[in-house]
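Next come the chains, spelled out residue by residue.
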Amino acid sequence: SARMPQALLVGFAAQLSYLGEQSRALELLDVARQREPDNASILLARSQVLAYLGRLDEAEQDALACLARSPGMWRGWPLLVGLRKQTRELNHVAPLRRLLSQPQLPSEAIAELGFALHKSLDDLGEYDKAWSALEMACLAKRSTLKYRTQDTVDLADALLSYRLAPGQAPVSATQAAGPTPIFIVGMHRSGTTLLEQLLQGHSDVRGLGELYDFTCQMRQATGHHCRGVIDNEIVRLAIGVDFDAVGRGYLEGVAWRL
């Protein structure tokens, strides 16, 4: 890592963090910070990784240092105020309001700052003002999203009507050697993470978090890259896919985590 170019070093750290390897990611970010102690992006990345590791005081120091150098690094504000409960004696309401008063702020900035302001005011018990900040942030966030209800309806209809192609072999029911995957599915905030934690309490179960490995296998099998977990094109191209190969690829891809 000592000879690695800075951009590559930070890129590797990001990939390790995505894979849940936070301690290894921090090692690379430490090297990057030694090279550029005042680089706000590196400080923010390090703050996020430290938060994942539960080292909240250190994470707060890096987030503060990042925002002192670059207040316009909008993503840093929700991270900062989320590291601890805001109090009357120590909070960031004033700087957040100053930043939000700037003219011609992009919607992304209003959303990030608004969510941070909402959390701060909510911690302080100023619930009416917190609600107003939340509404502002949600409206700004919504303006950045290209979402149409009909697209979701069409995707659900395509999944419900999916059938194997004529002559396509069904998925094998043969039990593969090695660990058996347990898939937990559900809507956001429906208790899926809690259920994973409960199951992980058993000595024979290992929780792996929210992975995109199955989606990656379907992208490879169909030759189509979708931005989210699934889209209509993957459903259409899935007719004729070798799902046994998809399953094997999935098991091979997650094996290192076990």
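All of these numbers come straight from a predicted model, not from anything done at the bench.

Reading guide: rules and limits
- Residues numbered from 1 in each chain as written.
- Predicted model: local features only at pLDDT ≥ 70, side-chain atom pairs only at ≥ 80, totals over all residues.
- Heavy atoms only, no water.
- Helix = DSSP H or I, 4+ residues; strand = E, 2+ residues; numbered from the N terminus.
- Expected span 1.5 Å × (residues − 1).
- Buried < 20%, exposed > 50% of the residue type's maximum accessible area, 1.4 Å probe, protein only.
- Arc of directions from axis to C-beta.
- Contact = heavy atoms within 4.5 Å.
- Core = buried A, V, L, I, M, F, W, Y, C linked by side-chain atoms within 4.5 Å.
- Salt bridge = Lys/Arg side-chain N within 4 Å of Asp/Glu carboxyl O.
- 1 Å grid on protein atoms, 1.4 Å probe; cavity = no way out; pocket = protein on both sides within 12 Å on 5 of 7 lines; lining within 4 Å.
- Points joined across faces, edges and corners; volume = space filled by probe spheres on them.
- Nonpolar A, V, L, I, M, F, W, Y, C, P; charged D, E, K, R; others polar.
- pLDDT = per-residue confidence, 0-100.

Draft legend 1. Geometry of helix 8 (residues 127–144). Spanning 18 residues, helix 8 covers 26 Å between terminal C-alpha atoms, matching the ideal 26 Å at 1.5 Å per step. Taken as a whole, helix 8 has its buried residues at Ala130, Ala133, Ala137 and Ala140. All buried residues of helix 8 project into a common sector of 95 degrees when viewed along the axis, lining one side. Residues of helix 8 that are exposed and angled more than 90 degrees away from the buried face: Tyr127, Asp128, Trp131, Leu139 and Ser143. The inward-facing, buried residues of helix 8 contact helix 7 (107–123).

Draft legend 2. Inspection of the nonpolar core at higher detail. By size, the foremost hydrophobic cluster in this structure holds 38 residues, and its most contacted members are Cys66, Trp77, Leu96, Leu113 and Leu117. Contributing elements (two or more residues each) for this core: helix 1 (6–18), helix 2 (22–35), helix 3 (40–52), helix 4 (56–69), helix 5 (76–82), helix 6 (93–100), helix 7 and helix 8. Not counting residues within four places of it along the chain, the set of residues in contact with leucine 113 comprises Trp74, Trp77, Leu96, Leu99, Leu100 and Leu105. In terms of nonpolar packing, the next biggest core, distinct from the first, is built from six residues, Cys226, Ala238, Val241 and Val246 among them.

Draft legend 3. Structural view of the pattern of salt bridges. Per the stated rule, a full pass over the model turns up 12 salt bridges. Measuring nitrogen to oxygen at the nearest pair gives 3.7 Å for the salt bridge that ties aspartate 62 to arginine 33. In this pair, aspartate 62 is assigned in helix 4 and arginine 33 in helix 2, connecting sequence segments 29 residues apart. Given the relative accessible area of 30%, arginine 33 is considered partly exposed.

Draft legend 4. Main features of helix 4. Helix length check: helix 4 (14 residues) gives 20 Å between terminal C-alpha atoms against 20 Å at 1.5 Å per residue, within 8%. Burial in helix 4 covers these residues: Ala59, Glu60, Asp62, Ala63, Cys66 and Leu67. Each buried residue of helix 4 lies within a common arc of 165 degrees when the element is viewed along its axis, so the set occupies one face. Seen from the buried face of helix 4, the exposed residues on the opposite side, beyond 90 degrees, are Asp57 and Ala68. Packed against the buried residues of helix 4 are helix 2, helix 3 and helix 5.

Draft legend 5. Structural context of the layout of surface pockets. Here the second largest pocket is characterised by a volume of approximately 630 Å³. Lining the second largest pocket are 25 residues; nearest its centre among them are Tyr18, Leu44, Gln48, Tyr52 and Arg75. Of all the elements in the fold, those that place two or more residues in the lining of the second largest pocket are helix 1, helix 2, helix 3, helix 5, helix 7 and helix 8. For the lining of the second largest pocket, the leading source of residues is helix 3, giving seven residues. A breakdown of the residues in the lining of the second largest pocket according to their chemical character gives 15 nonpolar, six polar and four charged.

Draft legend 6. Molecular detail of unusual backbone geometry. Look at glutamine 104: it is not a glycine, yet its phi comes out positive at around 60 degrees. With respect to the helices, strands and loops of the structure, glutamine 104 is situated in the loop between helix 6 and helix 7. Positive phi is not limited to glycine here, since arginine 189 has a value of about 60 degrees.

Draft legend 7. Fine view of the confidence of the model for the protein chain. Per-residue confidence for the protein chain averages 92 on the pLDDT scale, and 98% of its residues sit at or above 70. Averaged over each element, pLDDT in the protein chain is lowest for helix 13 (residues 243–254) (91) and highest for helix 7 (98).

Draft legend 8. Inspection of the environment of glycine 228 at higher detail. Inspection of the secondary structure assignment puts glycine 228 in the loop between helix 11 (213–222) and helix 12 (232–237). You can call glycine 228 partly exposed: its relative accessible area is 30%. Once the C-alpha coordinates of glycine 228 and valine 10 are considered, the two residues, 218 residues apart in sequence, prove to be 24 Å apart. With sequence-adjacent residues up to four places away left out, glycine 228 is seen in contact with Thr215 and Arg219.

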